[in-house]
Amino acid sequence: MRTLVVVPCGAKKIWSEQPSLGAVRAAEAYVGVPFRVNRAYAEVVGDAWVILSAKYGFLAPDDLLEGPYEVTFKRKKTNPVAVETLRRQVVERDLALFDRVIGLGGVEYRAALTEAFRDHAEVTFPFAGLALGYSLQATKAATAAEQRSPW
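The structure reproduced in this document is the subject of the present report. (Residues numbered from 1 in each chain as written. Predicted model: local features only at pLDDT ≥ 70, side-chain atom pairs only at ≥ 80, totals over all residues. Heavy atoms only, no water.)

Next up on the list: the overall build of the protein. Within the protein one finds five helices and seven strands. In the protein, the succession of α and β elements from N to C terminus is β-β-α-α-β-β-β-α-β-α-β-α. For the protein, the C-alpha radius of gyration of 15 Å lies close to 15 Å, the compact-globule estimate for 151 residues. Looking at the protein as a whole, 44% of its 151 residues qualify as buried. Within the protein, counting contacts between residues at least 6 apart in sequence, those at least 24 apart form 64% of the total. Summed over all atoms, the accessible surface of the protein reaches about 8,300 Å², with 52% contributed by carbon and sulfur. For the protein, the distance from the average site of its 19 positive side-chain charges to the average site of its 17 negative ones is 7 Å. (Helix = DSSP H or I, 4+ residues; strand = E, 2+ residues; numbered from the N terminus. Rg over C-alpha atoms; globule rule 2.2 N^0.38 Å. Buried < 20%, exposed > 50% of the residue type's maximum accessible area, 1.4 Å probe, protein only. Contact = heavy atoms within 4.5 Å. Areas by Shrake-Rupley, 256 points an atom, 1.4 Å probe, with all protein chains shown as cover. Lys, Arg positive; Asp, Glu negative; His and termini not counted. Charge placed at Lys NZ, Arg CZ, Asp CG, Glu CD.)

Written as structure tokens, this is what we have:
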């Protein structure tokens, strides 16, 4: 069974620290603690991982991004990517080939993921319902447990 982990993008981006920086890999664009914790989990739990960007949709870690930008699923006026686009990307990016999808992130990301994979896979959200601090603690603990696991 192949597992895909979907990591939410983050509000804090590298261009806030280095404004003159040009295009960067998606994996390096988001520099906040939540993204780094979720990325570490994705790298040890999944067979593959992608980023769900409110601006671009599903991104492979090596996709190049131009910045800065501020788009979020939390505020519709920022014009986040449409669910129809996400559903199309699931097929175009071969994400529908995964047997299991683990989603991370808040309510808005969970809603977008559930709709995006509706016809392809059930998405599980192991840390849903936890406040951010508790979610990060649980994610770190799960990452550490997986790293210690002999399987």
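The discussion continues.
Glancing now at the side chain of Thr-139. Tracing the chain through its elements places Thr-139 in helix α5 (residues 132-148). Leave out the neighbours within four places in its chain, and Thr-139 touches Val-37, Asn-38, Tyr-41 and Phe-127.

Before going further, it helps to examine the nonpolar core. Counting residues in each nonpolar core, the largest one holds 45 residues, and the members touching the most others are Val-5, Tyr-30, Leu-52, Phe-58 and Phe-117. Of all the secondary-structure elements, those providing two or more residues to this core are β1 (3-8), α1 (26-29), α2 (33-45), β3 (48-53), β4 (57-59), α3 (83-92), β6 (100-103) and α4 (107-116). Setting aside anything within four residues of it in sequence, one finds Phe-117 in contact with Leu-4, Phe-58, Val-90, Leu-95, Val-101 and Val-123. (Core = buried A, V, L, I, M, F, W, Y, C linked by side-chain atoms within 4.5 Å.)

Below, the discussion takes up α2. End to end, α2 covers 18 Å across 13 residues, agreeing with the expected 18 Å (1.5 Å per residue, within 8%). The inward-facing, buried residues of α2 abut β1, α1, β3, β6 and α5. (Expected span 1.5 Å × (residues − 1).)

Our next topic: the packing of α3 against α4. Packing of α3 against α4 leaves a shortest axis separation of 8 Å and a crossing angle of 55°. The orientation of α3 with respect to α4, classified from their angle, is oblique. α4 is crossed by α3, and the crossing has right-handed handedness. Along the contact surface, α3 presents Val-83, Leu-86, Arg-87 and Val-90, while α4 presents Ala-112, Glu-115 and Ala-116. Its residues assigned to classes, the contact of α3 with α4 shows five nonpolar, no polar and two charged. (Axes fitted to C-alpha atoms, helices over the stretch in contact; angles between N-to-C directions. Parallel < 35°, antiparallel > 145°, perpendicular 65-115°, else oblique. Left-handed = near helix turned anticlockwise from the far one by under 90°. Nonpolar A, V, L, I, M, F, W, Y, C, P; charged D, E, K, R; others polar.)

When you tally the buried positions in β3, you get five out of six residues, the bulk of the element. Bridge count between β3 and β4: three bridges; the pairing is antiparallel. Bridged to Ile-51 within β4 is Leu-59. (Pairing = 2+ DSSP bridges.)

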